[in-house]
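# Examining the three-dimensional arrangement
What follows is each chain in one-letter form.
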Amino acid sequence: MSRLTHIDETGRAHMVDVSDKAVTTREAVAEGFVRMTPETLALALSGDAKKGDVRATAEIAGIMAAKKTSELIPLCHPLMLSKVEVSVAEAEGGLSVTARVRTSGQTGVEMEALTAVSVACLTIYDMLKAAEKGMVIEAVRLRSKSGGASGDWSAA
């Protein structure tokens, strides 16, 4: 197993020094899913939920979350994001959420994509919880990343 980059030689957590890394275009795609009953899904898709348009609100929340990642995850670098795209779509058994985040910089955007998906899923839950408290947020994961010294990676 390789050494964890956020732990120094003495075992203390620290922010990784990226000053010597090359500036490259970096992109990450993450996904998640909110499982719900057919009735709750119909309500989410109708646009008639009590709190408003579920999909649009979740997409905006995901974008906002990506921009705030370094404030939420203690050792993340603040990044100038060049693109954040969050999509909420109907899928069998619920709503799927996908986030695509891009930057040109010295560190990747995996955490920003994962944060965007997580907050979008939580927003869906919040907006629909009056209709169904038993919804399940699941399968939040990194789907792919590109750029940087480690190169491209894609989930199986």
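See above for the structure.
Keep in mind the model is a prediction, meaning the values are calculated, not measured. (Residues numbered from 1 in each chain as written. Predicted model: local features only at pLDDT ≥ 70, side-chain atom pairs only at ≥ 80, totals over all residues. Heavy atoms only, no water.)

Across its full length, the protein chain carries four helices and five strands. A principal-axis box enclosing the C-alpha atoms of the protein chain has dimensions of 50 × 30 × 30 Å. In the protein chain, buried positions account for 35% of the 156 residues. Of the contacts formed within the protein chain by residues at least 6 apart in sequence, a portion of 70% connects residues at least 24 apart. For the protein chain, the accessible area works out to roughly 8,900 Å², and carbon and sulfur atoms hold 56% of it. Separation between the mean location of the 18 positive side-chain charges and that of the 20 negative ones in the protein chain comes to 2 Å. (Helix = DSSP H or I, 4+ residues; strand = E, 2+ residues; numbered from the N terminus. Buried < 20%, exposed > 50% of the residue type's maximum accessible area, 1.4 Å probe, protein only. Contact = heavy atoms within 4.5 Å. Areas by Shrake-Rupley, 256 points an atom, 1.4 Å probe, with all protein chains shown as cover. Lys, Arg positive; Asp, Glu negative; His and termini not counted. Charge placed at Lys NZ, Arg CZ, Asp CG, Glu CD.)

The residue R26 is located in strand 1 (residues 24-35) in this model. Only 3.2 Å separates the side chain of R26 from the side chain of T24, close enough to count as a polar contact. At 2.9 Å, the side chain of R26 and the backbone oxygen of G105 are in polar contact. Excluding residues that lie within four positions of it along the chain, R26 makes contacts with V101, R102, T103, G105, Q106, T107, G108, V109, S146, G147 and G148. (Polar contact = N/O pair within 3.5 Å; in protein donor to acceptor, adjacent residues only side chain to side chain.)

Applying the stated rule across the entire model yields nine salt bridges. Note that R102 and E27 form a salt bridge whose closest N and O atoms lie 2.5 Å from each other. Of this pair, R102 sits in strand 3 (residues 94-105) while E27 sits in strand 1, and the two are 75 residues apart along the sequence. The class for R102 is partly exposed, based on a relative accessible area of 29%. With its nearest N and O atoms 3.3 Å apart, the salt bridge here joins E85 to K83. (Salt bridge = Lys/Arg side-chain N within 4 Å of Asp/Glu carboxyl O.)

This paragraph deals with the environment of T115. Take T115: it is sitting in helix 4 (residues 110-128). The spacing of T115 and S70 is 45 residues in sequence and 10.0 Å in space, taken between C-alpha atoms. Beyond its immediate chain neighbours, meaning those up to four positions away, T115 contacts A65, T69, L72 and I73.

Before going further, it helps to spend a moment on the layout of surface pockets. Its volume calculated, the largest pocket comes out at about 570 Å³. Around the largest pocket, the lining is made up of 24 residues, and of these T5, H6, K21, T107 and G108 lie nearest the centre. If one sorts the elements of the lining of the largest pocket by residue count, helix 4 sits on top with three residues. Split by residue class, the lining of the largest pocket holds eight nonpolar, nine polar and seven charged. (1 Å grid on protein atoms, 1.4 Å probe; cavity = no way out; pocket = protein on both sides within 12 Å on 5 of 7 lines; lining within 4 Å. Points joined across faces, edges and corners; volume = space filled by probe spheres on them. Nonpolar A, V, L, I, M, F, W, Y, C, P; charged D, E, K, R; others polar.)

Strand pairs in the sheet, formed through backbone hydrogen bonds, run parallel or antiparallel to each other. Ordered by their spatial adjacency, five strands build an open sheet running 2-3-1-4-5, and the pairing between neighbours is antiparallel. The open sheet has two edge strands with one neighbour each: strand 2 (81-91) and strand 5 (153-154). Contacts from helix 1 (residues 38-46) reach strand 2 and strand 3, with the element oriented near 50° to strand 3. Taken strand by strand, helix 4 contacts strand 1, strand 2, strand 3 and strand 4 (136-146), and its axis lies near 25° from that of strand 1. (Pairing = 2+ DSSP bridges. Axes fitted to C-alpha atoms, helices over the stretch in contact; angles between N-to-C directions.)

This paragraph deals with the environment of D126. Along the chain, the position of D126 falls in helix 4. Since its relative accessible area comes to 31%, D126 is described here as partly exposed. Residues D126 and K51, spaced 75 residues apart in sequence, show a C-alpha to C-alpha distance of 9.1 Å. Looking at D126, its side chain comes within polar contact range of the side chain of K129, at 2.5 Å.

Worth remembering: the numbers are spatial, not functional.
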